[in-house]
Amino acid sequence: MIVFGGDGRNVAPPPDASRRACWELQGEWGTFLGTPIAARWFITAAHVGGQPGDTFRLGNQSYTAILSQHIPGTDIALWRVDRAFPRWATLCEGDEVGREALYFGRGTARGLELPGKGWRWGPSDHKQSWGTNKVERVFTSKPYGGLLFATFDKNSGPDEATLSDGDSGGGVFVKSRQGPWRLAGLNHDINPGDDGVDRFYSLTGRKDELFRAALYDGRGLFLGTPETLKLLSGNGPLPTVIAAQRLSTYLPAIHKILGRPDSDWPSRPALLETRLVKRGGVALAGASAIGVAAYALYRSRRRVS
């Protein structure tokens, strides 16, 4: 997560107990994050991939993934593990708009500064980090359904966050009216379009110098795909938009999976499970590459959903 304050990243756990409890519910799934939501299930973004037999690490414990269940028309993947978690998150049932949100990821720090605009993404080191923002609205994407939108607009203090390469799948918690934090979403992408295709920035509108960035004002830059780069202009700042896959829309499908008896599921991964498909879907999972070559790679490795 990239934030405004300090050196641009919060890699120490949050100082208060309630937020720290959410931090401790983030488990390592390859170079990404996932969140336990039931005794033997965790949830993450489908586009980050994974295979049965892979390891999910929560705290100092390792769990073996047995199988996955994908919610059609979303970026949601539920993974069953070989034994029970000691704790798990409570899912949000809706009413997210206007709520304070707490984001977790393993993305980059701030990179090169663009004066008066923000920062390019820095190098990846896969450290867990956190930040805050506010859910502004719900958006419907054709490929992925309901998304929660927030903006990197300098209105939420030094911990205000946006996403970068590697933050995919991290939990997005919102503070309920009753007080406790609830898991409301999964980090999905930045500046998404209705078509689900990644957008890049450009200084000049040229296709050979595309980049991704954390911007509080993109005016004067170009944004889009290489085929549809458009100059950003207007009377007010144009910040980066961050999107999380909304979970409340899909609670019936999620609960249907979680509600099936343990006897309906295998207790170990298939012995002959192939491992040809490696983790690394492209939205935030692999969007650090730039230029036309990067976009070609992206198009050849669309999200698995």
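Below: a short report on this structure. Predicted model only: the values in this text are computed from it and were never measured.

Here is what the cut-offs are and how they apply
- Residues numbered from 1 in each chain as written.
- Predicted model: local features only at pLDDT ≥ 70, side-chain atom pairs only at ≥ 80, totals over all residues.
- Heavy atoms only, no water.
- Helix = DSSP H or I, 4+ residues; strand = E, 2+ residues; numbered from the N terminus.
- Buried < 20%, exposed > 50% of the residue type's maximum accessible area, 1.4 Å probe, protein only.
- Areas by Shrake-Rupley, 256 points an atom, 1.4 Å probe, with all protein chains shown as cover.
- Arc of directions from axis to C-beta.
- Contact = heavy atoms within 4.5 Å.
- Core = buried A, V, L, I, M, F, W, Y, C linked by side-chain atoms within 4.5 Å.
- Pairing = 2+ DSSP bridges.
- Axes fitted to C-alpha atoms, helices over the stretch in contact; angles between N-to-C directions.

## Side note on the overall build of the chain
And step 1. The secondary structure content of the chain amounts to 3 helices and 21 strands.
And step 2. Burial statistics for the chain: of 305 residues in total, 55% are counted as buried.
And step 3. As displayed, the chain has an accessible area near 12800 Å², and 52% of this comes from carbon and sulfur atoms.

## Concerning helix α2 (residues 251-258)
And step 1. Within α2 the residues assigned to the buried category are L251, I254 and I257. For α2, the arc enclosing every buried residue in end-on projection is 125°, short of the 170-degree limit, so these residues lie on one face. Those residues of α2 that are exposed and angled more than 90 degrees off the buried face are P252 and K256.
And step 2. Considering only its buried residues, α2 is in contact with β3 (32-38), β4 (41-45), β6 (61-70) and β7 (76-81).

## Brief notes about the nonpolar core
As a rule of thumb, soluble globular proteins bury nonpolar side chains together.
And step 1. Core analysis: the largest hydrophobic core is formed by 28 residues, its most contacted members being I43 and L78.
And step 2. For this core, the secondary structure elements donating two or more residues are α1 (17-23), β3, β4, β6, β7, β8 (100-105), β16 (181-190) and α2.
And step 3. In this view, L78 contacts I37, W41, F42, I43, L67, S68, Q69, I71, I254, I257 and L258; residues no more than four positions away in its chain are not counted.
And step 4. Core analysis: the second largest hydrophobic core is formed by 23 residues, W121, L148, A150 and A184 among them.

## Looking at the sheet that holds strand β10 (residues 118-121)
And step 1. Pairing within the open sheet is antiparallel, and its 3 strands lie in the order β9-β10-β18. Because the sheet does not close on itself, it has two edges, and the strands there are β9 (110-114) and β18 (213-215). Sheet twist, expressed as the average angle between the axes of neighbouring strands with direction ignored, equals 30°.
And step 2. In this structure, β9 lies alongside β10, joined through 3 bridges in antiparallel fashion. Bridging across to β10, E113 finds its partner in W119.

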